[in-house]
Amino acid sequence: MNMNKIISGLFFTLAMTINFGFFYGNPTVLVEHSAYELFVAIIVNLIATVLKLGDRTQLGAVLLATSLVADIQLIASATVWAFAEYVSQSIGTEATTAIVSLSGGALLANVVSVVLFIGDTVKSKR
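Predicted, not measured: the structure shown is a model, and the values here were computed from it. (Residues numbered from 1 in each chain as written. Predicted model: local features only at pLDDT ≥ 70, side-chain atom pairs only at ≥ 80, totals over all residues. Heavy atoms only, no water.)

With that settled, the discussion passes to the overall build of the protein. Within the protein, the secondary structure is distributed over 4 helices and 0 strands. Listing the helices and strands of the protein from first to last along the sequence gives α-α-α-α. C-alpha extents for the protein along the principal axes are approximately 55 × 25 × 20 Å. Looking at the 126 residues of the protein, the share that counts as buried comes to 34%. Restricting the contact set of the protein to residue pairs at least 6 apart, pairs at least 24 apart contribute 69%. When the accessible surface of the protein is split by element, carbon and sulfur atoms take 70% of a total near 7,500 Å². Here the protein contributes 6 positive and 7 negative side-chain charges, whose respective centroids are spaced 25 Å apart. (Helix = DSSP H or I, 4+ residues; strand = E, 2+ residues; numbered from the N terminus. Buried < 20%, exposed > 50% of the residue type's maximum accessible area, 1.4 Å probe, protein only. Contact = heavy atoms within 4.5 Å. Areas by Shrake-Rupley, 256 points an atom, 1.4 Å probe, with all protein chains shown as cover. Lys, Arg positive; Asp, Glu negative; His and termini not counted. Charge placed at Lys NZ, Arg CZ, Asp CG, Glu CD.)

Dropping the structure here:
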């Protein structure tokens, strides 16, 4: 077993599942989406991005790109939430929908990353 692949796969999948946990729910009701879960999703996605930095293959470049997209989307989601709560002093339906939609984009990037990772694992020889 390749321990690096196991740890990478763990963080890629964990990033996707935590992001799904935040994304799941009514996009117009913010209380169905935990700020703590968004924070953990950002941290786990950043760890997954760091794990992708060492791969110098073409697939590694695509995996890094998908991870960077997820990072940008999740950080943008947290930024919108912070701006709406602390600057605008109100989180309306528009802000809530933007927060959840941005995390949905990150979830899509995470799904692509996991599918590519599984595909690469399946095609690799023992």
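Having seen it, we continue.
Each pair of packed helices gets described by two things: the angle between the helix axes and the distance between those axes. At their nearest, the axes of helix α1 (residues 3-23) and helix α2 (residues 35-52) sit 9 Å apart, and the two run at 155° to each other. On the basis of the axis angle, α1 is roughly antiparallel to α2. Crossing of α1 over α2 shows left-handed handedness. Contacts between α1 and α2 involve Ile7, Ser8, Phe11, Phe12, Leu14, Ala15, Ile18, Asn19, Gly21 and Phe22 from the former and Glu37, Leu38, Val40, Ala41, Val44, Asn45, Ile47, Ala48, Leu51 and Lys52 from the latter. (Axes fitted to C-alpha atoms, helices over the stretch in contact; angles between N-to-C directions. Parallel < 35°, antiparallel > 145°, perpendicular 65-115°, else oblique. Left-handed = near helix turned anticlockwise from the far one by under 90°.)

Moving on to a nonpolar patch on the surface. A contiguous nonpolar patch, built from Phe39, Val40, Ile43, Leu46, Ile47 and Ile75 and spanning about 480 Å² of accessible area, is present on the exposed surface. Among the elements that line the nonpolar patch, the one with the most residues is α2, at 5 residues. Overall, the relative accessible area of 34% leaves isoleucine 43 in the partly exposed class. (Patch = residues over 30% accessible without salt bridge, like charges linked within 9 Å, V, L, I, M, F, W, Y side chains within 5 Å. Salt bridge = Lys/Arg side-chain N within 4 Å of Asp/Glu carboxyl O.)

Phi at glutamine 89 is positive, roughly 65°, even though this residue is not glycine. In this structure, glutamine 89 sits in the loop between α3 (58-87) and α4 (93-123). By relative accessible area, which is 61% here, glutamine 89 ends up exposed.

Attention shifts here to the nonpolar core. Phe12, Phe22, Leu38, Val44, Leu74, Trp81 and Ile99 are the most contacted members of the largest nonpolar core, which totals 21 residues. Those elements that provide at least two residues to this core are α1, α2, α3 and α4. Those residues in contact with leucine 38 that sit more than four places away from it in its chain are Phe22, Leu74, Ser77, Ala78 and Trp81. (Core = buried A, V, L, I, M, F, W, Y, C linked by side-chain atoms within 4.5 Å.)

Here we take up the environment of alanine 106. For alanine 106, the location among the structural elements is in helix α4. Between the alpha carbons of alanine 106 and proline 27 there is a distance of 15 Å; along the sequence they are 79 residues apart. Discounting chain neighbours no more than four positions away, the residues touching alanine 106 are Asn19, Ala70, Gln73 and Leu74.

For the coordinates displayed, the defined rule picks out 3 aromatic pairs. On the numbers, 5.0 Å between centres and 90° between planes, the contact of phenylalanine 12 with phenylalanine 117 is edge-to-face. Residue phenylalanine 12 is found in helix α1, and its partner phenylalanine 117 is found in helix α4; the two are separated by 105 residues along the sequence. Among the residues examined, phenylalanine 12 registers a relative accessible area of 5% and is labelled buried. Owing to a relative accessible area of 12%, phenylalanine 117 belongs among the buried residues under this scheme. Between phenylalanine 20 and tyrosine 24, the ring centres sit 5.7 Å apart and the planes meet at 35°, which makes this aromatic pair tilted. The ring of phenylalanine 12 is capped by lysine 52, whose NZ or CZ atom sits 4.4 Å from the centre of that ring. (Phe/Tyr/Trp six-rings, centres within 6.5 Å; stacked < 30°, edge-to-face > 60°. Lys NZ or Arg CZ within 6 Å of the ring centre and 35° of its normal.)

From the geometry alone we can't say anything about function, so treat these as descriptive.
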